[in-house]
Amino acid sequence: MTLDPDPAALFPGPHPAAFAAHRAALEAALSCLERAAAGRGPYRGTSPSALETLAGAVEVLPEHGRPLGEALAGVGDLAVAHAVDPTHPACAAHLHSPPLNAALAADVLVSATNPSLDSWDQSPAATHLELRLIETLCAMAGLPAEADGVFTTGGTQSNLMALLLARDAALSRQGHDAAMDGLGPQGANLRIVCSEMAHFSVQRSAAVLGLGNRAVVTVHTDDRYRLRPDALEDTLDRLERDGLTPMAVVATAGTTDFGSIDPLPAVATVARRRGVWLHVDAAYAGGLLLSDRHRGLLEGVEQADSVGVDFHKLLWQPIACGALLVRDRVALAPVDVEVAYLNAADADQESEWRQPHLVGKSLQTTRRFDALKVLVTFQTLGRRTLGALLDRTLDLAACAADLIAAAPSLDLVQRPTLNSVVLRCRPCLDEPERSDRLNAAVRTRLLADGAAVVGRTEVGGRTHLKLTLLNPAASRADLAVLVATITQTADRLDRHPPAPPPGPR
Ligand SMILES: *Cc1c(COP(=O)(O)O)cnc(C)c1O
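Keep in mind that what you see is a predicted model, and the values were worked out from it rather than measured. (Residues numbered from 1 in each chain as written. Predicted model: local features only at pLDDT ≥ 70, side-chain atom pairs only at ≥ 80, totals over all residues. Heavy atoms only, no water.)

(A) Here's a closer look at the overall build of the protein. Scanning the protein from N- to C-terminus turns up 13 helices and twelve strands. Rg of the C-alpha trace for the protein: 25 Å, near the compact-globule value of 23 Å for 505 residues, within the 12% margin. Taken along the three principal axes of its C-alpha coordinates, the protein extends 75 × 75 × 55 Å. Scored against the burial criterion, the 505 residues of the protein give a buried share of 48%. Within the protein, contacts between residues at least 6 apart in sequence are counted, and of these 72% link residues at least 24 apart. Counting only carbon and sulfur atoms, one obtains 56% of the accessible surface of the protein, whose full area is about 24,600 Å². Each charge class in the protein was averaged separately, 46 positive and 58 negative side chains, and the resulting centres sit 7 Å apart. (Helix = DSSP H or I, 4+ residues; strand = E, 2+ residues; numbered from the N terminus. Rg over C-alpha atoms; globule rule 2.2 N^0.38 Å. Buried < 20%, exposed > 50% of the residue type's maximum accessible area, 1.4 Å probe, protein only. Contact = heavy atoms within 4.5 Å. Areas by Shrake-Rupley, 256 points an atom, 1.4 Å probe, with all protein chains shown as cover. Lys, Arg positive; Asp, Glu negative; His and termini not counted. Charge placed at Lys NZ, Arg CZ, Asp CG, Glu CD.)

Given below as structure tokens:
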């Protein structure tokens, strides 16, 4: 049977024709980016309903294909032209970073060679390079020689896995094998303790782990939204009196709204004294381990039983890229598996051919080689430059805070710890609902104008705006423009409030 086109022309390969086809495909993708770049702001302003129409017009599975360039000019252009541009200085809503060129190049290699880290024979070099990087990350975090870890899809998966390990360790101390026998009656007594500002994935993990949202006990924070160690002690005392088992304390290094860092040394002391697993959720702030100026903020992380770090936030990696580190490799036992077709050890493998298979360290089976982009980033920029870039983003946030504090119609909620700056337009004490509506409207107007992508959050139940400034290529002048745009948009909307939404027709 002959096929047109020849299947060999569809895949990258080692011969010149396949190589040329691969290069042409990558160039076609770059042209797509180039076409979308002309005159581009942070967003085109396309509404959800307009996008629904555009997506609705896409013929998803045509009977006959067409050249790649044409396909990219269709659905590719649609995807790129109506993306938000995280490299634009006014794209500042979330922990959504511009990806570094070095990492993008590494990702091309990863996609083309497509290693899968579950078994060594799908990822020989990748396995050893990930192990090597994990070893370095553990050392950077100050964890002991027995430490280990694995790449994850990000903080959510790192939190889930850390809490799974903590749960099974706690039940195992009571002589119960959760992996084999499920939660058992003891499971109902397990509690996870974190601050009220911890990430929602802690609750979600508790639900997934069969403990339920209500197994998460939250502790009050101080005036800078950091967990209060005295409140932590009180909570642990209370749980003990009630005959409950605290299985983990989760400390946050970089809360999503304020970038607050819980007092890690004090929290570690409390957790250690009571023999409770300490997980540090450093999804946001973990990147600061590379900064000479700011790594002190993470002091105490070296006492954690597990640490989650995201590189798709403060290290400008393409999504997804995170890691979970554990203090003692033995703790990973609950996710270990032996699968005949993946990682069974044969008798002849007691030699230099003994193959490490990482499937037993992860909740995933097929797993992408996300470590390469971090390695290429480290190699290309070095620790000094990466540290300086991180420092610069924190300086930019401080600068934005100065501009907001100086603007009469804006209220700065507090000085930023990291990169996020929370503000409120025209805080109106007599009519807080009116300010709520105005702030929400400002955010939507900025999106619709394609002028800026800013975040929203709630502080004390009131709607606020949030800037997350992760882009070290932004300038102070860019920030001045961004803050002025917010002020002017708020003034305009305050004078001419948008018409109420149309009623049902
Ligand atoms: C972003 C974040 C998460 C979730 O991480 P993902 O990478 O989005 O899965 C968890 N915790 C904190 C503190 C975060 O900032």
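(B) Focus on the side chain of Lys-361. Considering the arrangement of structural elements, one finds Lys-361 in the loop between strand E8 (322–326) and helix H11 (371–406). With residues near it in sequence (within four places) discarded, Lys-361 still touches Leu-131, Asp-148, Gly-149, Val-150, Met-161, Leu-332 and Val-335.

(C) Highlighting the site of the ligand. Inspection of the region around the ligand gives 15 residues, with Thr-156, Asp-281, Asp-310, His-312 and Lys-313 positioned closest. In this structure, an oxygen atom belonging to the ligand sits 2.6 Å away from a side-chain N or O atom of Thr-156. Contact distances for the ligand include 2.6 Å between an oxygen atom and a side-chain N or O atom of Asp-310. When the free accessible area of the ligand is taken as 380 Å², the share hidden by the protein chains comes to 86%. Residues of the shell around the ligand, tallied by class, amount to three nonpolar, nine polar and three charged. (Near = heavy atom within 4 Å. Polar contact = N/O pair within 3.5 Å; in protein donor to acceptor, adjacent residues only side chain to side chain. Nonpolar A, V, L, I, M, F, W, Y, C, P; charged D, E, K, R; others polar.)

(D) The arrangement of helix H9 (residues 229–241) in detail. The first and last C-alpha atoms of H9 sit 18 Å apart over 13 residues, in line with the 18 Å expected at 1.5 Å per residue. Taken together, the buried positions of H9 are occupied by Ala-231, Leu-232, Glu-233, Thr-235, Leu-236 and Leu-239. Tucked inside the fold, the buried residues of H9 contact strand E3 (190–195), strand E4 (216–219), strand E5 (245–252) and helix H10 (264–274). Gly-243 occupies a position one or two residues after H9 and carries a positive phi of about 75 degrees. (Expected span 1.5 Å × (residues − 1).)

(E) Here's a closer look at the sheet that holds strand E7 (residues 306–310). Reading across from one edge, E2-E8-E7-E6-E5-E3-E4 is the order of the seven strands in this open sheet, with mixed pairing throughout. Each having just a single partner strand, strand E2 (148–152) and E4 make up the two edges of the open sheet. Strand-to-strand twist of the sheet, defined as the mean angle between neighbouring strand axes without regard to direction, takes the value 20 degrees. Relative to E5, E3 runs parallel, the two sharing five bridges. The residue bridging Leu-190 from the neighbouring strand is Thr-245, located in E5. Strands in contact with helix H8 (residues 201–208) are E3, E4 and E5; relative to E4, the strand with the most contacts, it is inclined by about 160 degrees. (Pairing = 2+ DSSP bridges. Axes fitted to C-alpha atoms, helices over the stretch in contact; angles between N-to-C directions.)

(F) Summary view of the nonpolar core. Within the largest apolar cluster, 66 residues are counted, with the highest numbers of intra-cluster contacts made by Phe-151, Leu-232, Leu-278, Val-280 and Phe-311. By residue number, the principal contributor to this core is H11, which donates eight residues. Built from parts of two domains, this core gets at least three residues from each of domain 2 (116–368) and domain 3 (380–495). Once residues within four sequence positions are removed from consideration, Leu-232 is found in contact with Val-193, Val-219, Leu-227, Val-249, Val-267 and Val-270. (Core = buried A, V, L, I, M, F, W, Y, C linked by side-chain atoms within 4.5 Å. Domains from an automatic or database assignment.)

(G) Representation of the domain arrangement of the protein within the structure. Its domain assignment divides the protein into domain 1 (7–78), domain 2 (116–368) and domain 3 (380–495). Each of domain 1 and domain 3 has a C-alpha centre, and these two points are 34 Å apart.

(H) Geometry of the packing of aromatic side chains. Taken as a whole, this structure holds three aromatic pairs when the rule is applied. Where Phe-151 meets Phe-311, the ring centres are 5.8 Å apart and the plane angle is 25 degrees; that geometry is what we call stacked. Of this pair, Phe-151 sits in strand E2 while Phe-311 sits in the loop between E7 and E8, and the two are 160 residues apart along the sequence. (Phe/Tyr/Trp six-rings, centres within 6.5 Å; stacked < 30°, edge-to-face > 60°.)

(I) Spotlight on the environment of Asn-471. Tracing the sequence through the fold places Asn-471 in the loop between strand E12 (462–468) and helix H13 (476–495). Since its relative accessible area comes to 11%, Asn-471 is described here as buried. Separated by 375 residues in sequence, Asn-471 and His-96 place their C-alpha atoms 9.4 Å apart. Setting aside residues no more than four positions away along its own chain, Asn-471 makes contact with Pro-86, Thr-87, His-88, Pro-89, Pro-98, Thr-393 and Leu-396. Only 2.8 Å separates the side chain of Asn-471 from the backbone nitrogen of Ala-473, close enough to count as a polar contact.

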